[in-house]
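# Coordinate analysis (summary)
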Amino acid sequence: MTNALHDAPELGSSTIGDVPTWFGLFKPVGWLMVGLPSPALADTLEQALLAAGWTDATVLRFNPGESLAQLRAMTDDPGPLADFGHEVTLPGRYVELAQQGYGWCLVKVDDNPQAVEAAAIARDGGATLAVHYRLLTMEELI
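Worth saying up front: this structure is predicted, and the values here are computed from it rather than measured.

Here we take up the environment of Thr-58. Tracing the chain through its elements places Thr-58 in the loop between α1 (39–51) and β4 (59–62). For Thr-58 and Lys-108, which are 50 residues apart along the polypeptide, the C-alpha to C-alpha distance reads 4.9 Å. Setting aside residues up to four positions removed in sequence, Thr-58 forms contacts with Trp-31, Leu-106, Val-107 and Lys-108.

A few words on the side chain of His-132. Relative to the helices and strands, His-132 is located in strand β6 (residues 129–133). Not counting residues up to four positions away in its chain, the partners in contact with His-132 are Trp-31, Leu-32, Val-109, Asp-111, Asn-112, Ala-115, Thr-137, Met-138, Glu-139 and Leu-141.

Moving on to the sheet that holds β4. Reading across from one edge, β4-β5-β3-β6-β7 is the order of the 5 strands in this open sheet, with antiparallel pairing throughout. If you trace the sheet from one side to the other, it starts and ends with β4 and β7 (138–140), each paired once. Along the sheet, successive strands turn relative to each other by an average axial angle of 20 degrees, direction set aside. Where helix α4 (residues 112–124) meets the sheet, its contacts fall on β3 (31–36), β5 (103–108), β6 and β7, and the angle it forms with β3 comes to roughly 10 degrees.

Quick look at α4 now. A rise of 1.5 Å per residue sets the reference length of α4, with its 13 residues, at 18 Å; its end C-alpha atoms lie 18 Å apart and thus fit the reference within 8%. The complete set of buried residues in α4 reads Ala-115, Ala-118, Ala-119, Ile-121 and Ala-122. Burial along α4 is one-sided: seen end-on, the buried residues are contained in an arc of 160 degrees. More than 90 degrees from the buried face of α4, the exposed residues found are Pro-113 and Asp-124. Where α4 begins, the capping side chain belongs to Asp-111, and its oxygen is found 2.9 Å from the backbone nitrogen of Gln-114.

Turning to α1, a few remarks are in order. Side chains that are three or four residues apart share a direction in an α-helix, a result of its 3.6 residues per turn. With 13 residues, α1 extends 18 Å between its outermost C-alpha atoms, agreeing within 8% with the 18 Å of an ideal straight helix rising 1.5 Å per residue. Buried residues of α1: Ala-42, Leu-45, Glu-46 and Leu-49, and no others. The buried residues of α1 all sit within an arc of 105 degrees when viewed along its axis, so they share a single face. Where α1 terminates, the next one or two residues include Gly-53, which has phi positive at roughly 115 degrees.

So, on to the packing of aromatic side chains. Any aromatic ring pair is given by two values, namely how distant the centres are and how the planes are angled relative to each other. By the definition in use, this model includes 2 aromatic pairs. Residues Tyr-94 and Trp-104 carry aromatic rings whose centres are separated by 5.3 Å and whose planes lie at 65 degrees to one another, so their mutual orientation is edge-to-face. One end of the pair, Tyr-94, is in helix α3 (residues 86–99); the other, Trp-104, is in strand β5, and 10 residues separate them in sequence. Classification of Trp-104 by relative accessible area gives buried; the value is 0%. Ring geometry for Tyr-102 against Trp-104: centres 5.9 Å apart, planes inclined by 40 degrees, an arrangement best described as tilted.

All right, on to the pattern of salt bridges then. It is possible for side chains of opposite charge to pair when their charged atoms get near one another. Following the criterion strictly, the structure yields 3 salt bridges and no others. A salt bridge links Arg-93 to Glu-140, with the shortest nitrogen-to-oxygen separation between them at 3.2 Å. Highlighted residues: Arg-93 in helix α3 and Glu-140 in strand β7, separated in sequence by 47 residues. For Arg-93, a relative accessible area of 31% puts it in the partly exposed group. When its relative accessible area of 34% is taken as the criterion, Glu-140 is described as partly exposed. Residues Arg-134 and Glu-139 are paired through a salt bridge, measuring 2.5 Å at the closest nitrogen-oxygen approach. The exposure class assigned to Arg-134 is partly exposed, which follows from its relative accessible area of 30%.

Calculation rules
Numbering of residues begins from 1 in every chain and follows the order in which that chain's sequence is written. It should be noted that, the model being predicted, local features are given only for residues of pLDDT at least 70 and side-chain atom pairs only at 80 or more, the latter also being counted only at that level, while totals for whole chains, interfaces and linings use all residues. Only hydrogens and water are set aside when side-chain values are computed; all heavy atoms of the structure are taken into account. Numbered from the N terminus, helices here are DSSP runs of H or I no shorter than four residues, and strands are runs of E no shorter than two. Residue contacts follow a heavy-atom distance rule, with two residues in contact if any of their heavy atoms lie within 4.5 Å. Whether two strands pair depends on DSSP finding at least two bridges between them. To get an axis, a line is fitted to the C-alpha atoms, and for a helix only the part in contact is used. The angle between two axes follows their N-to-C directions and goes from 0 to 180 degrees. To estimate how far a helix should reach, multiply one less than its number of residues by 1.5 Å. For each residue, the accessible area found with a 1.4 Å probe, counting protein chains only, is set against the maximum for its type, and the residue is called buried under 20%, exposed over 50%, and partly exposed in between. This arc corresponds to the set of directions leading from the helix axis out to the C-beta atoms. Counting of polar contacts relies on pairs of N or O atoms within 3.5 Å, with two restrictions inside protein: one atom must be capable of donating a hydrogen and the other of accepting it, and residues adjacent in sequence are counted only when both atoms are side-chain atoms. To pair, rings of Phe, Tyr and Trp, with the six-membered ring standing in for Trp, must have centres within 6.5 Å; the planes then decide the type, stacked if under 30 degrees apart, edge-to-face if over 60, and tilted in the middle. By definition, a salt bridge exists where a carboxyl oxygen of Asp or Glu is found within 4 Å of a side-chain nitrogen of Lys or Arg.

Honestly, that's just the spatial picture; any functional story needs more than this.
Structure below.
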C-alpha cells in the first residue's frame, strides 16, 4: 500500500534521493515538509495525497527512526555559512518531533497554491506542521 520510499533506511539515502540542502542544512526547496503525530497518520496522508493526484515520486514518506539520525546530523553541524535563523531552528524542531514518534511526508509542490492545497489535505489528516520551502523563504502553512 505504501511506496518503496516508506522502507528507506534514512532520509537522504539513495532510495529517497538527495534532499536539497543549503550549506549543509535541510532545505528541500519546492517541497512541503509535513509532520504528523504518528506514522499511521503519515501513511493515511500519503494515500490521501495520492488520491488527490500526487504520485509516488512526489510524496516521500519516512518514519522517525529513518529520519532522526540525518536530521540530527544537519542540526548538529550546520556549517559555517549557515544562517542561524529559521533554517536552523526548524530542523531542530523536526528532531524533537521525530523523538516523539512523528511520521513525515515530503510533498513536491509546483507553486504556492499547490502547497496550500497539500497543507489543507494534511491538516484534515491530522498534521500539526507543514512548511513550504521556497528559494529564499520558508512558510509555515500549519
